[in-house]
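Coordinate analysis (summary)
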Amino acid sequence: MTIPKYNEIMLPMLQNIVNQKSHSYENISEFLIKHFKLTDEDISKLTPKGNKRIFDNRVQWARFYLTKSGLMENSKRNSKITKEGISFLKKHPDSFNKTTLLEIPQFAEYMKKA
């Protein structure tokens, strides 16, 4: 299987943490690996510079965008969905992407500054 893009990771990541409990980065990654049916070969592929795994990099980008949009809270080791994240997920249960996130004023403001 092809390693999913960060925008393809965001929805299942948010769905996985919808129970409002704190989830470790490792648990989220394990869920996503199973969800996308990734092989050991898939998850061991490195970025062109060879210093990071592609899958980990894309998971980090998904977490970054979900956090900047206010849909998720992150600490160094854990992630938790916010009330806004639950509402957003109800509104977009089947798909969303970076463009959809621009509907969120907090994210739109961040993107203007970035």
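In this report, we go over the structure that sits alongside the text.

Cut-offs used in this document
Residues numbered from 1 in each chain as written. Predicted model: local features only at pLDDT ≥ 70, side-chain atom pairs only at ≥ 80, totals over all residues. Heavy atoms only, no water. Helix = DSSP H or I, 4+ residues; strand = E, 2+ residues; numbered from the N terminus. Rg over C-alpha atoms; globule rule 2.2 N^0.38 Å. Buried < 20%, exposed > 50% of the residue type's maximum accessible area, 1.4 Å probe, protein only. Contact = heavy atoms within 4.5 Å. Pairing = 2+ DSSP bridges.

1. Some words on the overall build of the protein chain
Helix and strand counts for the protein chain stand at 7 helices and 3 strands. For the protein chain, the N- to C-terminal ordering of α and β elements is α-β-α-α-α-β-β-α-α-α. The C-alpha radius of gyration computed for the protein chain amounts to 14 Å, which stays within 12% of the reference 13 Å derived for 114 residues, consistent with globular compactness. Across its three principal directions, the C-alpha atoms of the protein chain cover 40 × 30 × 25 Å. Per-residue burial for the protein chain yields a buried fraction of 43% across its 114 residues.

2. Quick notes on the environment of K113
Mapped onto the fold, K113 is located in helix 7 (residues 105-113). Counting along the chain gives 90 residues from K113 to H23, while the straight-line C-alpha distance between them is 30 Å.

3. Remarks on the environment of T47
By secondary structure assignment, the location of T47 is in the loop between helix 3 (40-44) and helix 4 (54-68). We classify T47 as buried; its relative accessible area is 16%. Considering only alpha carbons, one finds T47 and M72, 25 residues apart in sequence, at a separation of 26 Å. Once residues within four sequence positions are removed from consideration, T47 is found in contact with K52, R53 and I54.

4. Things to note about the sheet that holds strand 1 (residues 23-24)
Pairing within the open sheet is antiparallel, and its 3 strands lie in the order 1-3-2. Looking at which strands have only one partner, the edges of the open sheet turn out to be strand 1 and strand 2 (72-74). In the sheet, strand 2 pairs with strand 3 (residues 78-81) via 3 bridges, with the strands oriented antiparallel. Each residue of the ladder has a partner; that of N74, found in strand 3, is S79.

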